[in-house]
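The primary structure of each chain is shown beneath.
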Amino acid sequence: MRLENKVIIVTGSTTGIGKAIAKRCVAEGAKVVLNGLEEDWGKQVLNELGNENAILHIEDISNDNTVETLVELAIKTYGRLDAVVNNAAIVASSNIQTTDKNFLRRLLEVNTIAPFALIKSALPQLSKQHGCVLNIGSVNAYSGEPNLLAYSITKGALTTMTRNLGDTLFRENGVRVNQINPGWVLTETEIERKKQHGLADDWYTHLPKVYAPSGRIIQPSEIAAAAVYWLSDECGPISGQVVDLEQHPFIGRNPPKDSSTIK
Ligand code: NAD
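Criteria and cut-off values
Residues numbered from 1 in each chain as written. Predicted model: local features only at pLDDT ≥ 70, side-chain atom pairs only at ≥ 80, totals over all residues. Heavy atoms only, no water. Pairing = 2+ DSSP bridges. Helix = DSSP H or I, 4+ residues; strand = E, 2+ residues; numbered from the N terminus. Axes fitted to C-alpha atoms, helices over the stretch in contact; angles between N-to-C directions. Contact = heavy atoms within 4.5 Å. Domains from an automatic or database assignment. Buried area = accessible area lost by both parts, 1.4 Å probe. Salt bridge = Lys/Arg side-chain N within 4 Å of Asp/Glu carboxyl O. Polar contact = N/O pair within 3.5 Å; in protein donor to acceptor, adjacent residues only side chain to side chain. Nonpolar A, V, L, I, M, F, W, Y, C, P; charged D, E, K, R; others polar.

K.L.:
Help me understand the sheet that holds strand β2 (residues 31–36) in this model?
P.N.:
Adjacent strands of a sheet form backbone hydrogen bonds with each other and so pair up, either parallel or antiparallel. Strand order across the open sheet formed by seven strands is β3-β2-β1-β4-β5-β6-β7, with parallel pairing between neighbours. Sheet topology places β3 (54–58) and β7 (242–245) at the edges, where each strand pairs with a single neighbour. Between one strand axis and the next, the sheet turns through 15 degrees on average, direction left out of account. Taken together, the four bridges between strand β1 (residues 7–10) and β2 define a ladder with parallel strand orientation. By the bridge assignment for β2, Val7 is matched with Lys31. Docked against the sheet, helix α4 (residues 101–129) engages β1, β4 (83–86) and β5 (132–136), running at close to 175 degrees with respect to β4. Against the sheet, helix α5 (residues 149–173) makes contact with β5, β6 (176–182) and β7, and its axis sits at roughly 155 degrees relative to β6, the strand it touches most.

K.L.:
Is there a simple way to think about the domain arrangement of the protein in this case?
P.N.:
Frequently, the measure chosen for interface size is the accessible area that the parts lose on association. Under the domain assignment used here, the protein contains domain 1 (7–183 + 220–244) and domain 2 (187–217). Each of domain 1 and domain 2 has a C-alpha centre, and the two are 25 Å apart. Buried area between domain 1 and domain 2, both sides added, is near 520 Å², and the carbon and sulfur share of it is 40%. Ranking the residues of domain 1 by area buried against domain 2 places Thr15, Val91 and Glu222 at the top, with a combined share of 52%. On inspection of domain 1 and its partner domain 2, the count reaches two salt bridges. Among the salt bridges present, the one from Glu222 reaches Arg216, with a minimum N-O distance of 2.7 Å. Summed over the shared surface of domain 1 and domain 2, the result is four residue pairs in polar contact (both at pLDDT 80 or more). For the side of domain 1 that touches domain 2, the secondary-structure elements that each account for two or more residues are α1 (16–27) and α7 (220–231). Among the elements that make up the side of domain 1 that touches domain 2, the one with the highest residue count is α1 (three residues). Each residue belonging to the side of domain 1 that touches domain 2 can be placed in one class, and the counts come to three nonpolar, three polar and two charged.

What follows is the structure, encoded as structure tokens:
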């Protein structure tokens, strides 16, 4: 098993990509600290993983002391902390008209400042284990869709943080910091979000090739499979890297011939 005996905090693991990462971590031999907002969903994940493999803490990651509580839980329950996955995020639509300062501040708090605070709080423990951090970014960090303005800004800042700390923390503390940028992933929430935007119930079964060359979008388990590499010792000394996980390149792509849009 590739993560045997490692103890890993996965934020936002009550659903979606975080849940898939937590499940895969346990399948690879790790113990996980689960976190998120939805108590019912969190308990379901905990049931699936088993009380011997996971512990759940439901609380807003941006509250004062939540990150400290997650680190304490890992140490109290399992005696060590090897890795942190900063996955929790608010995924919300907004453009220049609908983004005000408070909205931007709220997204920055959850998507950027909370990951920073968790890394800082976990650092003494991660240093002891020569552990690692995996930030979950987004391909929207490069520029982002027009209606994902605030969200894209938060992921851009997260990307710079990954590169900056991926250099400093590895040199000074032996802690690797890397980031994966999922493309379009078919989570339970994403299915509902698109329905609320007016798409058909089965929107994900007929997608334009421009967005989904394979005819489908990515499964959370496929992102989780990639996460294991960055969390495992197989990664060796690689740090400060940001890797896109999408079906097409983001830099240098030619304008699509198929201009039909559903996003
Ligand atoms: P999701 O909306 O399905 O789940 C989000 C998770 O974060 C939930 O567990 C929720 O409880 C938690 N969360 C949200 N706000 C929180 C807060 N304030 N405190 C604690 N927990 C909080 O999201 P997802 O689609 O699985 O996305 C997971 C990560 O992947 C995010 O960082 C997102 O930006 C990124 N991502 C997703 C996609 C996609 O297509 N689904 C694409 C690119 C990047």
